[in-house]
Amino acid sequence: MQTKELKTTCSYCGVGCGIIIKKDSQNKVYVEGDKDHPVNKGMLCSKGMNLHYVANDTFDRILYPEMRWSRSHLRERVSWDDALDRAASVFKSIIKKYGPDSVGFYVSGQCLTEEYYIANKLTKGFLGTNNIDTNSRLCMSSAVVGYKKTFGEDSVPGSYADIELADCFLITGANPAWCHPILFRRIEKHKEENPDVKIIVVDPRKTDSANFADLHLQIIPGTDVVLYNAIGRRLLERGLTDYNFIKNHTENFESYKQQVLATSLKKASKICGVSEDDIKLAAEIIGKSNAFISMWAMGLNQSVVGVDKNFSLLNLSLITGQIGKPGAGPFSLTGQPNAMGGREVGGMANLLAVHKDLFNETHRKEVADFWGVKEISSKPGYTATEMFEALEKGKLKAVWIICTNPMVSLPNSGRVEKALQNAKFVVVQDISHKSDTAEYADLLLPAAGWLEKEGTMTNSERRIAYLPQGINPPGEAKADVEILCDFARKMGFNGFNYRNTEEIYKEYCLMTKGTNIDISYLSYDRLKNEGTFQWPVSDYRHTGTARLFEDKKFYTPSQKAIFNVPYGIENASVKPNSEYPLILTTGRIRDQWHTMTKTGKVARLQTHYPNPVLEINPVDAYISKVREGDVVEVKSRNGLVRVRAKVTGNVREGVVFLPMHWGKQLESDLNRSNNLTNIIVDPQSKEPDYKFTAVSVNKYKKK
Ligand code: SF4
């Protein structure tokens, strides 16, 4: 039945599992886990093993460009030429009238590295604005700042291979059992085979990850900095630290010490809602371990103090010297398949490619010279939420949205809707009509999806994979790089005449030469023939770098890692009050991914969690007169959600939980968690505060 086999990578989470593709004579695709892949060793989670539906079922796909001449007209089918002529003419006239900062691109951690690279080159090099940001801003930009300020560059020190070498895991603000399942499966197996391995989970909810842990610290949302400082204090008091590492390889330890000693364990226990004994136990487990890994995701990053949370966690690796050695290191888990690749090519409004700094004049000149343009603007662009606020206020006139669904995923959906309505021109380039954002497009462009185009991606452990094209895109859909290069040429720009995607990759590789993320020796041929590689790859025979900082030389000017002291221990979120007494935290469920434009069309992925429900603690349910299964109205200062209640002790008292995936799939936008969330962001990372919204919950009474 099967014909040719292809090796590729799963298009969902940042774990980056290897997949074997088989096709039958009808070109129907089948998937199975790649047994030889170093990440998943043949395993796939529920999302990955159902990925063939995404490739085979094209009923929801955008098949040809659609355009409307005004908001009072319906969109109608047009040719690619007409579509991109219109886009170029609108962009030219807006830039002429209002300047380059009046246009912007909003892209995605699902874009391939080559697409990210071209979108950046086009925006920062040729349109003359840094207004390009990504939905990765919403999930890991706090970790980027944390790494940069601690190690000198945005560099994940370790590898998944360290999992089997570690004897202590601190998993915080993450539920890998559901959201990074294959990674978690490796941790489970390691513990099953080595019962002395200890797992600590920090989470306001009793998740499947927490249920597997030796110690669950069911923290009050937003108090993470206090908790990690308290653990740090206890490690210092007990002498469970690595003074040689601190003395020889770090800076600013004394300031850190002063801050952690300023808060007693008793006070920390009260603030965090965790017992003193548990804080002491966590410190004891970490301090006595030989190889300690911390892992975190959105629960830490998506906060108004997300960077401070990262600092306080990273500092635990520094005081224990648990970095640059087997089985150790602080490990930020990326939610999207190519969030890391986007970071490498500078796919954010305040970054430049190859870890160069937008605020450094020499770096800007180097990038401008490489692209053959006069200059790169020194003005940082709008970040994700700023971009939509600027649209709402009329400062940004046109936005080009690629492979992401901000109507569902950005905070405060009501404001996002106003922004899209207020924009003069909205381009949406995507695969599916099921994106709620597509509704607002003046120009809707059909993009090729997974398996329909080639390119590369980088997973959470710096592992670069080549993804081949295995099938043709449906209708007139085109690869994103092709669309962007065609548009660039219509704008009259030189430098976009690539004959194929490989030429784009080669150009980017050349840019990495001599940097800390050098892949100039890593060709498409090596990726196709030899498999995946972790950057940097320092010569033609080099097989990649599993672990950074083994020589204890960091990328800071002094080559020492830096203890960054959190600005304060106060959580600056908008606090609950008598009107909105509960704290809402939002997150993912096991079988859905992002805004369900792909997983939402797979029937068997609907059975685990068919509808969005509000998880509420029995005490809060009693106070709110809510029973299991009741339809409840959840209200915040921003909006309303109406869903059924699930009364469960899995959330702590005072906290409620809603999944973040649903948009209008159920014919109503009252399932959308982001109707409720606030547009407030961490001041350094500009990552939104999704994990802390003050809400009220009441039983819904039909009028
Ligand atoms: Fe895909 Fe992530 Fe599941 Fe692996 S763990 S199969 S990368 S969704």
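Caption draft 1: Up close: helix α13 (residues 276–288). Over its 13 residues, α13 runs 18 Å from end to end, which matches the ideal 18 Å to within 8%, given 1.5 Å per residue. Buried within α13 we find Ile279, Ala282, Ala283, Glu284, Ile285 and Ile286. Of the surrounding secondary structure, the elements contacted by the buried residues of α13 are β8 (168–172), β9 (198–202), β10 (215–217), α9 (224–237), α12 (265–272) and β12 (292–296).

Caption draft 2: Region of the structure containing the sheet that holds strand β22 (residues 613–616). Ordered in space as β21-β25-β22-β24-β23-β26, the six strands form a closed barrel in which the pairing is mixed. Put simply, the sheet's adjacent strands are angled 45 degrees from each other on average, direction ignored. Note: strand β21 (residues 582–587) against strand β26 (residues 693–699), three bridges, orientation antiparallel. Residue pairing for β26: Leu584 is matched across the bridge by Thr693.

Caption draft 3: Broad picture of the domain arrangement of the protein chain. Domains assigned within the protein chain are domain 1 (5–56), domain 2 (66–135 + 338–497), domain 3 (139–332) and domain 4 (582–699). Each of domain 1 and domain 4 has a C-alpha centre, and these two points are 30 Å apart. Taking both sides of the interface into account, the surface hidden between domain 1 and domain 4 amounts to around 890 Å²; carbon and sulfur atoms contribute 61%. On the domain 1 side of the contact with domain 4, Tyr12, Lys47 and Tyr53 bury the most area, a combined 53% of that side's loss. If you look at where domain 1 meets domain 4, you find zero salt bridges. For the pair domain 1 and domain 4, the number of links is five residue pairs in polar contact (both at pLDDT 80 or more). Elements represented by at least two residues in the side of domain 1 that touches domain 4 include exactly α1 (46–49) and α2 (51–56). The class makeup of the residues in the side of domain 1 that touches domain 4 is four nonpolar, three polar and one charged.

Caption draft 4: View of the packing of aromatic side chains. Summed over all chains, the structure comprises 27 aromatic pairs. With a centroid separation of 5.4 Å and an interplanar angle of 80 degrees, the aromatic rings of Phe91 and Phe487 are classed as edge-to-face. Of this pair, Phe91 sits in helix α3 (residues 80–98) while Phe487 sits in helix α21 (residues 480–490), placing them 396 residues apart in sequence. Taken as a pair, Phe91 and Phe487 share a single burial class, namely buried. Here a set of aromatic residues connected by ring pairs shows up, and it is made of Tyr147, Phe151, Phe245, Trp296, Phe549, Phe554 and Tyr555. The side chain of Lys601 reaches across the aromatic face of Phe59, ending 5.6 Å from its centre.

Caption draft 5: View of the sheet that holds β12. Spatially, β10-β9-β8-β12-β13 is the arrangement adopted by the five strands of the open sheet, whose pairing is parallel. This sheet does not close on itself; its edge strands, each paired only once, are β10 and β13 (329–332). Strand-to-strand twist in this sheet, taken as the mean axis angle between neighbours without regard to direction, amounts to 15 degrees. Direction of pairing for β9 relative to β10: parallel, over a ladder of three bridges.

Caption draft 6: Fine view of the nonpolar core. In this structure, Ile231 and Leu316 are the most contacted members of the largest nonpolar core, which totals 108 residues. When residues in this core are grouped by element, the largest group, seven residues, is from α9. In terms of nonpolar packing, the next biggest core, distinct from the first, is built from 66 residues, Ala353, Val427, Ile504 and Trp535 among them.

Caption draft 7: Geometry of unusual backbone geometry. With an omega of 0 degrees, the peptide bond between Trp535 and Pro536 qualifies as cis. Its location among the elements puts Pro536 in the loop between β19 (533–534) and β20 (561–562). Not every positive phi belongs to a glycine, and His594 is a case in point at roughly 50 degrees. Note that His594 resides in the loop between β21 and β22.

Caption draft 8: Structural detail: the site of the ligand. Contacts to the ligand come from Cys10, Tyr12, Cys13, Gly16, Cys17, Leu44, Cys45, Lys47, Gly48, Pro181 and Ile182. Among the elements of the structure, α1 and α7 (181–193) are those that each provide at least two residues to the shell around the ligand.

Caption draft 9: Summary view of the packing of α3 against α21. Interaxial distance between α3 and α21 falls to 9 Å at its minimum, and their mutual angle equals 55 degrees. Considering the angle they form, α3 stands oblique to α21. Seen along the crossing, α3 lies across α21 with a hand that is right-handed. Between α3 and α21, the residues in contact are Trp80, Asp81, Leu84, Asp85, Ala87, Ala88, Phe91 and Lys92 and Ile483, Asp486, Phe487 and Lys490, respectively. Here the contact of α3 with α21 is composed, by residue class, of seven nonpolar, no polar and five charged.

Caption draft 10: Spatial organisation of the environment of Ser255. Turning to its location among the elements, Ser255 is positioned in helix α11 (residues 253–261). The spacing of Ser255 and Pro581 is 326 residues in sequence and 36 Å in space, taken between C-alpha atoms.

Caption draft 11: Main features of the environment of Lys686. Positionally, Lys686 belongs in the loop between β25 (655–659) and β26. Taking the C-alpha atoms as reference, Lys686 lies 18 Å from Val408; in sequence the two are 278 residues apart. Look past the residues within four positions of Lys686 in its chain and what remains in contact with it is Arg137, Thr383, Glu386 and Val681. Among the polar contacts made by the side chain of Lys686, one reaches the side chain of Glu386 at a distance of 2.9 Å.

Caption draft 12: Region of interest: the pattern of salt bridges. In total, this model carries 47 salt bridges according to the counting rule given. The closest approach of N and O atoms between Glu530 and Arg526, which form a salt bridge, is 3.2 Å. Here Glu530 and its partner Arg526 are both found in helix α23 (residues 524–530), four residues apart, which amounts to about one turn of the helix. In this structure, Arg590 engages Asp591 in a salt bridge whose closest nitrogen and oxygen atoms are separated by 2.8 Å. If you follow the salt bridges from partner to partner, you end up with Lys478, Glu482, Asp486 and Arg489 in one network.

Caption draft 13: Summary view of the state of the cysteines. One pass over the full model with this rule turns up zero disulfides. The structure places no disulfide on Cys111, whose sulfur is separated from the nearest cysteine sulfur, that of Cys403, by 4.9 Å. Cys111 gets classed as buried once you look at its relative accessible area, which sits at 3%.

Caption draft 14: Representation of the pairing of strand β3 (residues 29–33) in the model. Burial of β3 is one-sided: the residues Val29, Val31 and Gly33 facing one way are buried, the residues Tyr30 and Glu32 facing the other way are not. Where strand β2 (residues 18–23) meets β3, five bridges bridge the pair, whose relative direction is antiparallel. Of the residues in β3, the one forming a bridge with Lys23 is Val29. In sequence, β2 turns back onto β3 through a hairpin of five residues, with Asn27 there showing a positive phi of about 70 degrees.

Caption draft 15: Spatial organisation of helix α4 (residues 113–127). If you check α4, its first and last C-alpha atoms are 20 Å apart, about what 15 residues at 1.5 Å a residue would give, namely 21 Å. Of all 15 residues that make up α4, 15 are buried, and the element is covered over most of its length. Backbone geometry just after α4 places Gly128 at a positive phi near 85 degrees.

What counts and how
Residues numbered from 1 in each chain as written. Predicted model: local features only at pLDDT ≥ 70, side-chain atom pairs only at ≥ 80, totals over all residues. Heavy atoms only, no water. Helix = DSSP H or I, 4+ residues; strand = E, 2+ residues; numbered from the N terminus. Expected span 1.5 Å × (residues − 1). Buried < 20%, exposed > 50% of the residue type's maximum accessible area, 1.4 Å probe, protein only. Contact = heavy atoms within 4.5 Å. Pairing = 2+ DSSP bridges. Axes fitted to C-alpha atoms, helices over the stretch in contact; angles between N-to-C directions. Domains from an automatic or database assignment. Buried area = accessible area lost by both parts, 1.4 Å probe. Salt bridge = Lys/Arg side-chain N within 4 Å of Asp/Glu carboxyl O. Polar contact = N/O pair within 3.5 Å; in protein donor to acceptor, adjacent residues only side chain to side chain. Nonpolar A, V, L, I, M, F, W, Y, C, P; charged D, E, K, R; others polar. Phe/Tyr/Trp six-rings, centres within 6.5 Å; stacked < 30°, edge-to-face > 60°. Lys NZ or Arg CZ within 6 Å of the ring centre and 35° of its normal. Core = buried A, V, L, I, M, F, W, Y, C linked by side-chain atoms within 4.5 Å. Near = heavy atom within 4 Å. Parallel < 35°, antiparallel > 145°, perpendicular 65-115°, else oblique. Left-handed = near helix turned anticlockwise from the far one by under 90°. Disulfide = S-S within 2.5 Å.

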